[in-house]
Amino acid sequence: MLRPGGYPDRTEEHDERGTTMTGVDPGRLSDQQLMKELETIHRTRHDTLLYGSNDALRAHNDRMAKLEGEYLLRHPRRVIAASRTRDGARERDRGTSLTELGSAEPERVKPAR
């Protein structure tokens, strides 16, 4: 059946009332699209936290967790900078320079199981 204007009537197929729109499923994004989404959500995080409604913050948290989870699934052996670990933070507190910690050459850390 066609609606006025010649559009097909598919309202029952896409009735999403009562659901929250959270964007494209992260698993369907290309690597480039995923990185762009992550950059955007991290850039908007501070303003959402400070000025967003509770619903906006909840949606932001959910979307960020899904995007970051997808990134971690795709990159389980991502490069970890020694300075971004607990040991690296302790060394920094003791006055060791970041160069000594190897921040210029990140180490590979085995993924957690």
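Keep in mind that what you see is a predicted model, and the values were worked out from it rather than measured.

Brief notes about the side chain of H60
- With respect to the element layout, H60 can be found in helix 2 (residues 54–74).
- Leaving out residues up to four positions away in the same chain, H60 has contacts with I41, T44, R45 and T48.

Points about the nonpolar core
- With six residues, the main nonpolar core is built from L29, L34, L38, I41, M64 and L67.
- Element by element, the count of residues in this core is highest for helix 1 (residues 31–51), at three residues.
- Setting aside residues no more than four positions away along its own chain, I41 makes contact with H60, R63, M64 and L67.

Looking at the side chain of E70
- By secondary structure assignment, the location of E70 is in helix 2.
- Engagement of the side chain of E70 in a polar contact is seen with the side chain of R74, the distance being 2.8 Å.
- Leaving out residues up to four positions away in the same chain, E70 has contacts with P26, G27 and L34.

Re helix 2
- For helix 2, which comprises 21 residues, the first-to-last C-alpha distance of 30 Å matches the rise-based estimate of 30 Å (1.5 Å per residue) to within 8%.
- Along helix 2, the residues that are buried comprise L57, H60, R63, M64, L67 and E70. Angular distribution of buried residues about the axis of helix 2 spans 160°; they occupy a single face of the element. Along helix 2, the residues that are exposed and aim more than 90 degrees away from the buried face are N54, D55, R58 and L73.
- For helix 2, the secondary structure elements touched by its buried residues are helix 1.

Section: helix 1
- With 21 residues, helix 1 extends 30 Å between its outermost C-alpha atoms, agreeing within 8% with the 30 Å of an ideal straight helix rising 1.5 Å per residue.
- The largest bend in helix 1 is about 40°, located at R45.
- Tucked inside the fold, the buried residues of helix 1 contact helix 2.

Examining the packing of helix 1 against helix 2
- Relative orientation of the contacting elements helix 1 and helix 2 amounts to 145°, with a least axis distance of 10 Å. When you trace helix 1 past helix 2, the crossing you get is left-handed. Touching D31, L34, M35, E37, L38, I41, H42, T44, R45, T48 and L49 of helix 1 are A56, L57, H60, N61, R63, M64, L67, E68, E70, Y71 and R74, all from helix 2.
- Residue composition of the contact of helix 1 with helix 2, grouped by class: ten nonpolar, five polar and seven charged.

Observations regarding the pattern of salt bridges
- Within the structure shown, the criterion is met by seven salt bridges.
- One salt bridge in this structure joins D31 and R74, with 2.6 Å as the shortest N-O distance. Within this pair, whereas D31 is found in helix 1, its partner R74 is found in helix 2, the two being separated by 43 residues in sequence.
- According to the relative accessible area criterion, D31 is partly exposed, its value standing at 48%.
- Residue class for R74 comes out partly exposed when judged on its relative accessible area of 23%.
- Put simply, R63 and E37 hold a salt bridge, and the shortest N to O gap is 3.2 Å. Of this pair, R63 sits in helix 2 while E37 sits in helix 1, and the two are 26 residues apart along the sequence.
- On the basis of relative accessible area, R63 is assigned to the buried category, the value being 9%.
- Of the residues examined, E37 reaches a relative accessible area of 32% and is grouped as partly exposed.
- Residues joined in a network through salt bridges with shared partners are D31, E70 and R74.

Calculation notes
Residues numbered from 1 in each chain as written. Predicted model: local features only at pLDDT ≥ 70, side-chain atom pairs only at ≥ 80, totals over all residues. Heavy atoms only, no water. Helix = DSSP H or I, 4+ residues; strand = E, 2+ residues; numbered from the N terminus. Contact = heavy atoms within 4.5 Å. Core = buried A, V, L, I, M, F, W, Y, C linked by side-chain atoms within 4.5 Å. Buried < 20%, exposed > 50% of the residue type's maximum accessible area, 1.4 Å probe, protein only. Polar contact = N/O pair within 3.5 Å; in protein donor to acceptor, adjacent residues only side chain to side chain. Expected span 1.5 Å × (residues − 1). Arc of directions from axis to C-beta. Bend = angle between axes of the 7 residues up to and from the residue. Axes fitted to C-alpha atoms, helices over the stretch in contact; angles between N-to-C directions. Left-handed = near helix turned anticlockwise from the far one by under 90°. Nonpolar A, V, L, I, M, F, W, Y, C, P; charged D, E, K, R; others polar. Salt bridge = Lys/Arg side-chain N within 4 Å of Asp/Glu carboxyl O.

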